[in-house]
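Fold and contact review
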Amino acid sequence: MTTRLQDTLTGETRPLDPLEPGHVRIYSCGPTVYGPAHIGNFRSFLFADVLVRYLRYRGLEVTWVMNVTDVDDKIIRGANEAGVSIGELADRWLERFRADARALRMTQPDVLPRATEHVDRMVTLIQALLEEGHAYRTEDGSIFFRIDSWPAYGRLARLDPDQLRVGERVEADEYGKGDVRDFALWKASKPGEPSWDTPIGTGRPGWHIECSAMSMAYLGESFDIHTGGVDLIFPHHEDEIAQSEAATGQPFVRTWLHCAHLRLGGAKMAKSTGNISSVVDLLDAGVSPRALRYALISVHYRQGLDYTPASLEAAAAAIDRLDTLVAALSAYSEARSDAPDLESELAAARSRFEAALDDDLNVSAALAAVFDLAREQNRRLAERSISTADAARALAMLRDLDRVLAILPDAADELPAQAAALLAAREAARTARDFAASDRLRDELAALGIGVEDTRDGQRWRRLEAVR
RNA sequence: GGCGACGUGGUGAAGUGGUUCAACACGGAGGUCUGCAAAACCUCUAUUCAGCGGUUCGAAUCCGCUCGUCGCCUCCA
């Protein structure tokens, strides 16, 4: 069974068939670094992360590129307001983005190219478009893509170009275009804006051309998968297809994957409407990053998802259930022979897990396989019907599946020295049957965020993940 | 106005013609275990899948209509 994915362009769910066998090339539209990322942004980044992790888990080589937009209207405005250069502003927010991504256990992309470092590539593309008659220059020196020159325009978004409601929301600074629907490839320099001196004039690149140039720079003129939020389908990705294929004559992307919106209060989470919840704010408020990750990835990527405090609490409880199992499997010790049927039980869980993810990344169903496995192992632990080695095998299986999900506690997590001392003291108190002291020490550990339980395997601890 | 997605229990959500098809998680009720606690396990928590009509031997799953929610057509993950 191979992994099947639903392509936005054709609507078909097809087996993944990389252009280069065994090597998948993926481009994800990344952040525009002018402010803090919100969790809706990260829903789409983490969806791509799970995809990358799963394909690697499956043994495929993956090259993952995520762009960073570091020049656009908002960055320019933000930099002017803050009295810094766009580079300084972008550096600041890119650093924050990296920190958020680390906290949420997003895989580091192989390349995080910045738009301002790839202007040459964009210029080359634009030159090709000008030569082929797909682009034209306006009086002020801006360059636009001529939509009429590309008959397939509108296919991705299933929009009829003639039906676009032009005139209602036309940007004031873009008159001079041959057709109001045409989009900017190059914006002529204006006072107070950064610009580049290039063979096509002095100015700065439009947004859409960035992604075409940077994806091709690292992945080639044709590559396997392009991801982003559904709100990028039109016009961003539609424009990318038009300009890329018009410039190269090659099919641009084989599979388009789009992540549905995260909603807050019933409406799409978006900076422009202000109903956002930033990752920084949540983490600063003490929200467990693993719970947040779980909440964001546990629903199928093409399904809308409502963000509520309750969803985060449910996620934290689910995570805690797995944490407890990991702690129990680690602490378990029983001198007896191996359970003969464990191996097949673990294998069955793995195959359910893989079948779910192969089916267009059905994370909910994959999690169901993990939680069923958890219940089975908890039962065996309670019955003491497995060996110490069996427990280690079950834990190894969970950890292996977690290469995709990345929600389990850190394997290298060590008890802080202070807590370790309290735990040792509690051990001594319990040996002396001094339960008053034992209970007091348990409270002290809880205050440090360490939960302690007494079991046949001795004291067992786990971190208590805060929700808020 | 055009295009599209969706509507499953107290909540989130999987399931897209039959065979444990109503998963899984959260929450709730009862029980077992336990110094206490916690955790875990067991049992229960949707004769029913927005409503109506149709196709079929058989539908949550296909078709039609109605109602409702959301999204795109503009920057946006």
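Because the structure is a prediction, the values reported are computed rather than measured. (Residues numbered from 1 in each chain as written. Chains lettered and ligands numbered in written order. Predicted model: local features only at pLDDT ≥ 70, side-chain atom pairs only at ≥ 80, totals over all residues. Heavy atoms only, no water.)

Examining helix α1 (residues 39-57)
Residues spaced three or four apart along an α-helix face the same direction, because each turn holds 3.6 residues. Compared with the 27 Å implied by 1.5 Å per residue over 19 residues, the 25 Å span of α1 between its first and last C-alpha is a close match. Once α1 finishes, G59 follows within two positions and takes phi at roughly 95°, a positive value. (Helix = DSSP H or I, 4+ residues; strand = E, 2+ residues; numbered from the N terminus. Expected span 1.5 Å × (residues − 1).)

Points about unusual backbone geometry
The omega torsion across F234 and P235 is 0°, close enough to zero to call that bond cis. Looking at the element boundaries, P235 is found in helix α6 (residues 233-248). Of note in the backbone geometry, R384 takes a positive phi value of approximately 55° without being a glycine. One can find R384 in the loop between α11 (363-383) and α12 (388-405). A positive phi angle is found at A406, which is not glycine, with a value near 55°. Following the sequence through the fold, A406 ends up in the loop between α12 and α13 (417-431).

Observations regarding the state of the cysteines
With the rule as written, the count across this model stands at 0 disulfides. Lacking any disulfide linkage, C29 is separated from the closest cysteine sulfur, that of C211, by 3.8 Å. (Disulfide = S-S within 2.5 Å.)

Let's talk about the pairing of strand β7 (residues 183-188)
Both faces of the sheet carry side chains from a regular strand, because those side chains alternate between them. With respect to burial, β7 is a largely interior element, 5 of its 6 residues being buried. One ladder, built from 3 bridges, connects strand β6 (residues 143-145) with β7; its direction is antiparallel. Looking across to β7, one finds that F144 is bridged to A184. Two strands pair when backbone bridges link them, and β7 and strand β9 (residues 201-205) are joined in this way by 3 bridges, in the antiparallel orientation. (Buried < 20%, exposed > 50% of the residue type's maximum accessible area, 1.4 Å probe, protein only. Pairing = 2+ DSSP bridges.)

Some points on the nonpolar core
Ranked by size, the top nonpolar core spans 86 residues in total, and within it I26, I39, F42, M106, I225 and F353 carry the most contacts. The element that contributes the greatest number of residues to this core is α1, accounting for 12 residues. For F42, the residues in contact, after removing those within four places along its chain, are A37, F97, D100, A101, L104, M106, V279 and L296. Listed in part, the 45 residues of the second largest apolar core include A135, I147, L156 and F183. (Core = buried A, V, L, I, M, F, W, Y, C linked by side-chain atoms within 4.5 Å. Contact = heavy atoms within 4.5 Å.)

So, the sheet that holds strand β10 (residues 223-229)
Reading across from one edge, β4-β3-β10-β11 is the order of the 4 strands in this open sheet, with parallel pairing throughout. A single partner strand is all that each edge strand has here, and the edge strands are β4 (61-66) and β11 (253-259). Neighbouring strand axes in the sheet, compared pairwise and without regard to direction, differ in orientation by 20° on average. Examined bridge by bridge, strand β3 (residues 23-28) and β4 share 6 bridges and lie parallel to one another. Note on β4: the bridge partner recorded for V24 is V62. On top of the sheet, helix α5 (residues 207-219) reaches β3, β4 and β10; it is set at about 160° to β3, its chief contact. (Axes fitted to C-alpha atoms, helices over the stretch in contact; angles between N-to-C directions.)

Points about the pattern of salt bridges
Overall, the coordinates contain 42 salt bridges when judged by the stated rule. For the salt bridge of D400 with R403, the shortest nitrogen-to-oxygen distance reads 2.6 Å. Placement of both D400 and R403 in helix α12 is noted, with a separation of 3 residues, approximately one turn of the helix. Judged by its relative accessible area of 38%, R403 falls in the partly exposed class. Across the pair E444 and R440 runs a salt bridge, and its minimum N-O distance is 3.9 Å. Residue E444 and its partner R440 are located together in helix α14 (residues 435-447), separated by 4 residues, close to a single helical turn. When salt bridges that share partners are traced, they join R426, R430, D439, R442 and D454 into one network. (Salt bridge = Lys/Arg side-chain N within 4 Å of Asp/Glu carboxyl O.)

A look at the confidence of the model for chain A
With 97% of its residues at a pLDDT of 70 or more, chain A shows a mean pLDDT of 94. Low confidence marks residues 167-172, where pLDDT is under 50. Its contacts with residues over four positions away, or in another chain, come to 1 contact. (pLDDT = per-residue confidence, 0-100.)

Notes on the environment of A421
Tracing the backbone shows A421 in helix α13. Under the relative-accessibility criterion, A421 is labelled partly exposed at 46%. With 48 residues separating them along the chain, A421 and L373 place their C-alpha atoms 34 Å apart.

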